[in-house]
Amino acid sequence: MSISFCGMFLLRTKPAWPTEMRRRHFLRWSGGLAAALAISPRLAIAGSTIEISMSGRPDGSKVWFDPYGLMIQSGQTVRWTNRDKGNSHTATTYDPRINDRPRRIPKGATPFNSDYLLPDESFEVTLVVPGVYDFYCIPHEMSGMVGRIIVAGPDDTGLMEYDDGDLPPEALDGMPSVANILAHGPLRHQEG
């Protein structure tokens, strides 16, 4: 029996099951969960949120997304957080509906634009259409602040690169290749 104080009243509650039954129920439940995760590790990450930080040097001379290239599963949420104390940033897909840019998201996908994020502000989007999503920071595209997310399952093939001639050279220089992301996993920024 437990006793708790709730406003002006003392609440006395009895456990729903005797102690031994609660322990068995917990062990059975947690053992089943552990077995499910061991059999299918993708279940553990399918609903997880992927973090991308927006960062830069204190003097503002270089800015970046970290990671700037990664692969996720359909239905995962991506959260961009501005960790740069000296700049505002955006996470914006290349799409004609946003700033009349070339389309660099899968057909059927909805473009996104975080608007300007101040330091410590975040923006989230859940990506469900398989394919390649290229994104950039509106004020820092010409500084190479670009990134790529591949949404794919283990059996998805035929992921294509976009045309190299449709973006400024600075953006293209910073864009990771599909092959590099598939070969190495998340691509992290290396300061130096």
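Each chain has its residues counted from 1, following the order in which its sequence is written. Two thresholds apply to this predicted model, a pLDDT of at least 70 for residue-level local features and 80 or more for giving and counting side-chain atom pairs, whereas whole-chain, interface and lining totals are computed over all residues. Note that water and hydrogens are dropped before the side-chain values are worked out from all heavy atoms of the structure.

In this text, buried Ala, Val, Leu, Ile, Met, Phe, Trp, Tyr and Cys residues form a nonpolar core when linked through side-chain atoms within 4.5 Å. For every residue, the accessible area obtained with a 1.4 Å probe (protein chains only) is divided by the maximum for its type, and the residue is called buried under 20%, exposed over 50%, and partly exposed between those limits. With 22 residues, the main nonpolar core has Ile52, Phe65, Trp80, Phe112, Leu127, Tyr133 and Ile149 as its most contacted residues. Top element by residues in this core is strand S8 (residues 122-127). It accounts for three residues. We call two residues in contact when some of their heavy atoms are within 4.5 Å. Once residues within four sequence positions are removed from consideration, tryptophan 80 is found in contact with Ile52, Met54, Phe65, Ala91, Phe112, Leu117, Glu121, Ser122, Phe123, Val125, Phe135 and Ile149. One finds Ala152, Tyr162, Val178 and Ile181 within the second-largest nonpolar core, a separate group that totals seven residues. Going along the chain from the N terminus, every DSSP run of H or I of four or more residues is numbered as a helix, and every run of E of two or more is numbered as a strand.

Most of strand S10 (residues 146-151) sits inside the fold, with six of its six residues counted as buried. Both faces of S10 are covered, namely the face carrying Val146, Arg148 and Ile150 and the face carrying Gly147, Ile149 and Val151. Strand pairing is defined by DSSP finding a minimum of two bridges between the two strands. Of the pairings in the sheet, the one linking strand S5 (residues 69-72) to S10 comprises four bridges and is parallel in character. Its bridge partner lying in S10, leucine 70 is registered against isoleucine 149.

Note that threonine 92 resides in strand S7 (residues 92-93). What makes threonine 92 buried here is its relative accessible area of 0%. Measuring from C-alpha to C-alpha, the distance between threonine 92 and glycine 147 comes to 9.8 Å, with 55 residues separating the pair along the chain. When near neighbours in sequence (up to four residues on either side) are disregarded, threonine 92 contacts Ile98, Phe112, Asn113, Asp134, Phe135, Tyr136 and Ile138. Between N or O atoms, a polar contact is any pair within 3.5 Å; within protein, one atom must be a potential hydrogen donor and the other a potential acceptor, and residues adjacent in sequence are included only when both atoms are from side chains. Among the polar contacts made by the side chain of threonine 92, one reaches the side chain of threonine 90 at a distance of 3.0 Å. At 2.8 Å, the side chain of threonine 92 forms a polar contact with the side chain of asparagine 113.

The predictor attaches a confidence to each residue, and that confidence, scored 0 to 100, is pLDDT. Mean pLDDT for the chain: 81, with 75% of residues reaching 70 or above. Segment residues 1-44: pLDDT under 50, and 22 contacts once partners within four positions in sequence are set aside and those in other chains are kept.

For the rest of this paragraph, the subject is the sheet that holds S7. Across the sheet, which stays open at both edges, the four strands sit in the order S5-S10-S9-S7 with mixed pairing between neighbours. Edge strands, defined here as strands with exactly one partner in the open sheet, are S5 and S7. In this sheet, S10 lies alongside strand S9 (residues 131-136) in antiparallel orientation, the contact comprising six bridges. Bridge assignment links phenylalanine 135 to a residue of S10, and that residue is glycine 147.

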